[in-house]
Each structure stands twice: as C-alpha cells, then as structure tokens.
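Residues per chain, in single letters:
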Amino acid sequence: MKYLKSISFYLAIVIIVLISFTPLFVLIKLAIASPSLSMGETITNFSTFRFANFVDAWDSSNLGRALFNSVIITLGSIFVCVTVSAMAGFAIARFTNWYNKLFFRALLFTMMIPAIINAVPLYVIMNKLHGLNTYWAIILLLSANTLPFSVFVYSSFIKSIPVEVEEAAIIDGCTRFQAFWKITFHFLKPATAAVVIIQGVGIWNNYAQVVFYLTRSSMQTLPLSINSFFHKYGADWNLMAAASLISIVPTIVIFVLFQKYFVKGIQAGALKG
Amino acid sequence: MKKTFLVILTLVVTFALSACGGNSDKVTITFLNGKAEAVDWVDAAIIEFEAEYPDIEVIHEFNADASNALKVKISGNDIPDITTVYDTALMKDGYYYDLSDLEAWDRIDPSIKALCTDPLTDIQYRIATNRTMAGLFYNKAIFTEVGATEPETWDEFVAALEDVTDAGYDGLYMGGKDTWMIGHLIEFWAHGLIKQELGTVDANIAFMMNQTTKLNFDADNGPMEIFAERFMELKTLGLLNDDFLTATYDNQIDAFANGEAAVISQGMWALGGILEKAPNLASSIGFMPYPAMDPTKDAVILSAEDSGYAIMEASESKEAAITFLNFLFEADRQKEYSELIKSPSAFTDVDADWSPIREAVTSALSKGTHIGFTATPSGFGGGEAGILVQNLYLGEYTVADFVKEYTDSWNEAWNASN
Amino acid sequence: MKAIAKIINRIKTNLHKGMIVPAVLLFITFTLLPIIFSIGLSLTDWNGYSSPDFVGLKNFIKFFSDDRAKNAVKNSVFFALLSVPLLNIIGLSYALLLDRKFKGVNFVKAIVYIPAVISPLIMGYIWMFVLQDNHGAIFAVFEMFGKGDNYINFLGDPKMAMYIIIIVNAFQFVGLTMTIYAAGLQGIPQDLYESSAVDGATKFQQFTKITFPMLGPSIVINVITNIIGSLAIFDLVVSLTGGGPGYATETISLYIFRQSYGGQSGYAASVSLIMFVLVLIPVLVSLRIMKKSRLHLED
C-alpha cells in the first residue's frame, strides 16, 4: 500500500510539472526553430536548433534598448512603490484616524475598477504633466497602480510588529519617522520581498498602460518590443518567442532568489490581516 | 538620514534630467506610423533626412493600433503632424489638412489621386504612394492537376472548387479567426456589387453618407443577402477549410505555401509571406478577380490606394512636414519602398520590380471591374462585421438574421459617429 | 538662527504625520482623478476625441437593453463562477501535496509558478499553438497515430472554447494561489495535528477541523483576488479566441474595449462602472460568507 501511495504521489508530481512546464516548453521550441517550419513541425521536431532567432530578435526590435528601459522603469517603480507603500502602510497601521481609514478603503475599492476606464483621462493628465515618453511619469503611474496591494500587505505586516519596537527607538532619541526607517523597515523584509516579486513581475510585463505613454521607439519597454513582432498581417512567431524568453529570464531569476522571503512575507503580511 | 537624503537627491536629479527634453530652436515634427512593415524604412529615411535638414527633427512613433492611438492623442491635445491613419469620421470633422496643392501630385497616377479624393468636397486630405490589389490567389499546379480552369462566373468558381476538394485539397481557405479577413470578403464580394453599380465616386459617397436607399443592405435579394447565401453555399458544399473558425492568417499563408489550399482571398501584402515559405511557388501562383455572386454583375478586383500619409490640421509645422514627405517621395526611396512592400508605386517615375507575379496581377486587373475599399463607419469595421459572419457560419444566425444584424450594426455605428 | 533650527526640528518630529502623503498624492493624480473624469464621461455620448454631449443616464439604460452587453456579462460571470473554485481547489491541492520536504520540492514549486510570469497575451498564443485544430501540437501528435480526424476543434466550439480559457487561465495562475496556501499551511502549528492524532482524529477530520479553518485568511485573499482577476480577464481571451467563435467568449472587459475604441467611449465608461458594481457584489458577499463561517479571521 505504501509503495502504491508513493508511486501515485510521484506520478502526480510528474504530471503537475509537465502541465506547468508546457507553456515554457512551447516558447523554447518556437524560439529555436526555423521560421519556415509549420506549427506542428515546430513542436514535434527535435533535431534543429537555431540560435539565430535570438540574434535576429535582438537586432530587429532593438531589444537591448528595450531591456535597458524595462530595467530602469521596473527598478524605479519598485523603489517608489516600496517607499511610498511602506510609509503609507505604517501610517495606516499605527495611526487609525478616520481619514487614514478612508484612504485605505478607497484604495481597496479602486482595485475593483477595470483599468481600461482610465485610459483616456490618464492620457490627458500625463500630457498636461508633460510626462509622455519620460521615465519619471511612467514610474509614478505604475507605482500608483501598485498601491492597493502593497499598502495592504505592508499595513497588515506592520500591525503584527509590536509598537514597542519603535517606542524603544524613540526613547533613544529618534523621531517616529526615523524609527520607522531605521528599525521597523528591517523587519519588513518578507513583506518587501512579496511586494517586489508580485508587483515587479506585473510592472515588467506591463503592456496595457505603457503602450499609450511610451510611444517613441527609444522609450519602448520589452513588452512593447515583443509586440512589434505582431504585424498587421501575420506575425514573426519565432522571433517573438525568442524575445519573450529573453524577457522571462530575469523574472524567473528574481523569483527563485526571493522565493523564501516571499513565502514568509505572504504568510505574515497578508494572512494576519 | 544624511545617506538617505543623498540617495533621494540623486534620484530626484536623475529623474529631473530625464524629463528635460529638447531645448533648441529646431522644428520638431511627429510622425504617427501604423504600418509595421514600413518602420525600418522610415527610420533609415529619417537619419538621412535629419542629416540633410539639420534644423528639422522628426520623431517617429510606431503604434500597431495607430487609429486608436490617434484618437487618444487628439483628445489629449497631443496631435501629431503627420500620420498614416486616415479616418473618414475625423476627416468630416475637419482634422486633416488640405493636401491638394502638393507638388507631388504631378508625379502620381491620376487614378490614385482620384482614390485619395474626398468625394464630398473634391479635396485630397491624404496622399498615397502605392497601389495595392486584392483578389483570389490560386495554385495553378493544383488546378491543372484536377483539370480546372480559371473560373469567370460564380458557378464555374464553385465547380472548380468542387474539383479541387474532390482531389483532397482545401478549396477556399479562410483564416476565420482573424476576422478582418472575413471583413475584406464582405468589402469586395458583397459591397463590390454596390460599388460597380454606382461607380467608385458615387459608391464612396453612398457609404460615407449612409444613403440607405442606394446601399440597400437589408433589401430582399440585396447585396448582404446574396453574400450570406453564397457564403453558406460554400460552407454546405464543403468548399471552405473545415477549421474556418479557428484558422489564422498565418495558417492560411502556410496552407497556400504548402500546396494544401487551392484558393485564398488576399492582397499583395501576403505575397512576401507566401514566397518566404515557398520561394519556388512563384511560377504556380495565379491571380484572379472575385467572380460575381450576382450573375447579372461583373467580377471585381480591388485596386486601391495604399501607404497614405496625411497631415493634421492642428499641426504647427506643416511646412516642415511637407518637406519631410517630399523627401520620402523621392524616386529612389519610393522604388526601394515599393519593392519592400511588394506593391506597385503610384509615382509614374518609379519603376520597381515589385512582384514576381506581376503578369498574373496585370492580367487579373484586366478581367475585373476595379473597386476600392469601403469607408466603414467607426466601430463597425471589417473585424466586427467578420464576427457576424462567424455567427452565420455557426448557425447562430439565419441568413435573414445576419442581414438584419449587419444592417442594424452598420446604421448604429454610423449614427454614433455622425 | 535658533528660530529656523526650531522650525526644522518641529518638522522632523512631525514628519511621520506626512508619511501617508506621497501615497495619497499618487492615488489622487493617477487613480482618483481619472475615475472621476470617467464617471463624468459615462454620462455623455463621447466618441473618443471630439467634444462630448451630456446625455444623462442614456448609456446605462442602453446597457440593459443590449443583448450583446448582457452576453458579455453572462460570459464573465460564468468564467468567474468556474475559475474561482477551480483555481482554489487546484491551488490548495498542490499546496497540500507539496507541503512536505522532498528533494526538489522547491524546484517543483518554482515550475508551477513560472507560467504566472509569462504575459497572458503570449500565454494565449502558446495554447493556441498547442490546441489548434489542423495545425496545433496536440493535433500533430494525433496525426502521427493516424487519428487526425478524431480531433475536436475545441477553440471553434462556442461552449468548449470557454472551458478552454478557464482551464488555461487556471493553470497559469495556480502558482500564485498555491503559494499563498502554502504560506498559510506553514503557519499552522504542528502540535495541533499531533494532539488531534492522539485523540484519534482521521486525516479527513484533521483537514476539516484544523487545516481548513486555519487557512481562513489565505482563502479570503485567494478568493477575492481571483474574483477580481477573473472578471477583468482580457489579454488571454484576445489571443486565444479573439472573443469568438462569434461572441461566445466575449468577456465584459473585451466588450468594453471594443466599445471604447469603436467610437462609443462614453458608453464604454458606463459599462465599466457597471462592471465595478458587478465585481463589488461578489467580493462583499464572499467576505460576508467567510466572516460568518467558522474560519479564523482577525479583524
């Protein structure tokens, strides 16, 4: 019986891995296949390996520049997101007055409103701010999008940290503001990891908003460049797959690195709230 | 605190610097381009242009959905100077600049100029550099194999398809998932009946002004009913590909290139893809007009303007824009472009080797009545109309339902934007 | 000088009161303002670029008599009704299965999560390549065994297409759901299980009386995020089915998008607001149900 149990267990694991790996598998097969093959051939053929797709994709859509832009925008947005959300989370967790509560509720409510409703008004606002095709404006916009989730995680997490921690620091002469950054923030590492992973991936893959505000080819991010392989008629599937893989690698690396903290962060932060 | 302050200061400065932009007394013009195939060509041209005209800067914005992007930009007061987007609703609202006085018209084929003319005002609000054709590509080798000849009537067409499918090939292969393709079928086969009866100019006016008595969409034995019935005839006889609903444009090109499909409805734009997959197919590619679904009418072939440019009325640098356009219109550049997109140039002084099947195309042009695209109302273009045909195919609509839905959707969309 | 030093010191000690300000500023500029603008737009007949005319509640009335709009709502609700339980059942099962130490458990967890980092648009195309009739990978395998004719055109069947989207979506995001459940599981003290085993509890009883109730917060988060996400699904539908065949898989966000860019931006804005209410109701209902149940939640 026990033997059957462990066989069925491992069988289940294998099936799970196979299903989850399929999308990545298809992308890889597309990326290393020659464009002249039909779809069925691409998947079943295992002998050819064409590295040139990656080179072509890199050249034809200026992937290097796009990668650079994506890195700057993602890092910038994460930085703003973490600082702003942590501070807001702190304010909401520690100072429960009516306007903080109201703001928190408002944040959560807006999460449920479809983003498409904001497309045109946002364009007008971005234009008035002279923010089109700039790094700073898109970073602020994307950070604003991350607020509901991040503030929620931080405020819950901070609630689970005893106030005494800050009070001890204040007795030692810090202001409340300093106490937060010097002491409390370090305990927030898991929450920060959770926010960085979930929001980071979202920002890295963001297409729907970036497409309106970053229209110059010098400002394009990876998702926009990948989309350039979709022409009005037909698409360069192989190049698109190669470009997608280039885009996916950093996200996988970050996930693997932060996995441990991520779990802790979700656990303590989101679950206790 | 000091450290964090310094970090924040550096970041703020970096951001501020990245926001600072142009500050010279250059003239800057923006070009909103919706044509993916042209992007690299335009980029190369801009480099040369800016070298020759150092006081003009051209900002090239490509957007796959340029039509929507233009509207968003207009509402955000960020109107580009030049664009490839030509929307009849925008034209009627006066957003485009009058281009009738451009010198370039002297070098352009008068029939193309006619196609660029707004029939209501007789003014040109855009200038097109190429001509494109659409019709039925067919595989001559398959036809010879099954003993079929190039059909000239609808019945001959059906008969030829039956011969082809009996031998195991796909008849008329359609990528039904990409609904714009179905939309084209409607524009050519269904609207073609209207267009040839009224003539290009009057037909254009009828579509643009929704002259329902001339369009007669929902009339008994009107164009839409005829189209729906003939289309269902193709389906019931098994002359379409069996995965009509889920096949894509790429599948269609693949099928034709692999010699599995005998006939496809496409335009010159598809040739590049076909020949890339099957370079040796060139000699077997035939091209013919769309046989008339109404036996009392002629076969039609699309011969329309392509690669058009318009200048926005709100542009503050129209002269610079015109200079740039004239630069693009230079003969060498246009020859290169024509060969790039595999469509003949509209310029009379440009002789490009734009297609290996030039003869087949020329012969087709002589056999059918020439028609143009349809000025569809905003919100009910080819793609949306194609979804209605999908429902017809599925059996969700009867022919009568389809005709009604089509007419209602067209009218509703037209009323919303006028 | 002393006065200035005093003021600076005042600012320093009170700085914490302003900690919420940056978030509020971002929120107002990039979230609140556009929403208010859109609410205004929903009362007009704006076409997307030129000046709008006020039409009052006409758009909202139009929605309730529009069959296509109601179809979109039906599709989205159906999608959410099936997706939320599916995601949670599979996610929980995976979490339970992987809640043990064996070689490579982290590797498996990572593989399960990876689809979530692939953009949904691309995911749709990937599965289209796999599932397509006559051209797809699975069809190619069928052909190899000579069974090409037996293959069903899943994506071309109005009913099946929706199920396909539900399944693809589930397997893309199950990694997230699983991770949240895994974190929840880790937070349950082991001694609870041990003492219950001493009292003679079966595995099933342990699950229903210990595990499930203590997973309360995880369930809440997963269910709510899944409801919101399911009702907003867009990219996947565009690439996998294009909303078809016909209108069979046209979800409400796709419908809004098409209206918005079809020159009916005012109407699209009103449908978006209706959609907000649509999302709000199940979320509030779920919260109420979960509060009333015996799940351990802090409030």
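This is a predicted model, so every value here is computed, not measured.

Peer 1: Before we go on, may I ask you to explain the overall build of chain C in this structure?
Peer 2: A count of helical and extended segments in chain C gives 14 helices and 0 strands. Each helix and strand of chain C, placed in order from N terminus to C terminus, yields the pattern α-α-α-α-α-α-α-α-α-α-α-α-α-α. Computed over the C-alpha atoms, the radius of gyration of chain C is 25 Å, more than 25% above the 19 Å expected from 2.2 N^0.38 for a compact globule of 299 residues. Each principal axis of the C-alpha distribution contributes one length, and for chain C these read about 80 × 55 × 40 Å. Burial statistics for chain C: of 299 residues in total, 47% are counted as buried. Of the contacts made within chain C by residues no fewer than 6 positions apart, 71% connect residues no fewer than 24 positions apart.

Peer 1: Would you explain the confidence of the model for chain A in this entry?
Peer 2: Detailed reading of predicted coordinates is not advised where the pLDDT is low. Per-residue confidence for chain A averages 86 on the pLDDT scale, and 94% of its residues sit at or above 70. Within chain A, the lowest mean pLDDT, 69, falls on helix α2 (residues 39-44) of chain A, and the highest, 94, falls on helix α4 (residues 63-94) of chain A.

Peer 1: How should I be thinking about the interface of chain B and chain C in this particular structure?
Peer 2: Interfaces are often sized by the amount of accessible area the parts lose when they come together. Contacts between the two partners involve 21 residues from chain B and, on the opposite side, 21 residues from chain C. Within the residue set of the side of chain B that touches chain C, elements represented by two or more residues are α3 (66-75), α17 (382-394) and α18 (399-416) of chain B. Of the residues in the side of chain B that touches chain C, the class split is 6 nonpolar, 10 polar and 5 charged.

Peer 1: When you look at the environment of Thr110(A) in this model, what are you seeing that I'm missing?
Peer 2: With respect to the secondary-structure elements, Thr110(A) resides in helix α5 (residues 98-110). Given 19 C-beta atoms within a 10 Å radius, Thr110(A) is considered partly exposed.

Peer 1: Hey, could you run me through unusual backbone geometry in this one?
Peer 2: Glycine aside, negative phi is the norm for most residues, and most peptide bonds take the trans geometry. The linkage connecting Gly244(C) with the following residue, Pro245(C), adopts the cis geometry, with an omega of 5 degrees. Its place among the elements puts Pro245(C) in the loop between α12 (235-240) and α13 (252-260).

Peer 1: When you look at the pairing of strand β6 (residues 127-139) of chain B in this model, what are you seeing that I'm missing?
Peer 2: Strand residues, when the strand is regular, have side chains that alternate between the two faces of the sheet. All names here are of chain B. The buried fraction of β6 amounts to 12 of the 13 residues, a majority that puts the element mostly inside the structure. Of the strand pairs in this sheet, β6 and strand β10 (residues 300-311) are connected by 7 bridges, and their pairing is antiparallel. What sits directly across from Ile-127, in β10, is Tyr-309. Note: β6 against strand β8 (residues 261-267), 5 bridges, orientation antiparallel. Paired with Leu-136 across the two strands is Ser-265, which belongs to β8. Examined bridge by bridge, β6 and strand β9 (residues 285-288) share 4 bridges and lie antiparallel to one another. Across the sheet, the residue bridging to Leu-136 is Met-288, located in β9.

The rules behind each value
- Residues numbered from 1 in each chain as written.
- Chains lettered and ligands numbered in written order.
- Predicted model: local features only at pLDDT ≥ 70, side-chain atom pairs only at ≥ 80, totals over all residues.
- Helix = DSSP H or I, 4+ residues; strand = E, 2+ residues; numbered from the N terminus.
- Rg over C-alpha atoms; globule rule 2.2 N^0.38 Å.
- Buried ≥ 20, exposed ≤ 12 C-beta atoms within 10 Å, placed from the backbone.
- Contact = placed C-beta atoms within 7 Å.
- pLDDT = per-residue confidence, 0-100.
- Nonpolar A, V, L, I, M, F, W, Y, C, P; charged D, E, K, R; others polar.
- Pairing = 2+ DSSP bridges.

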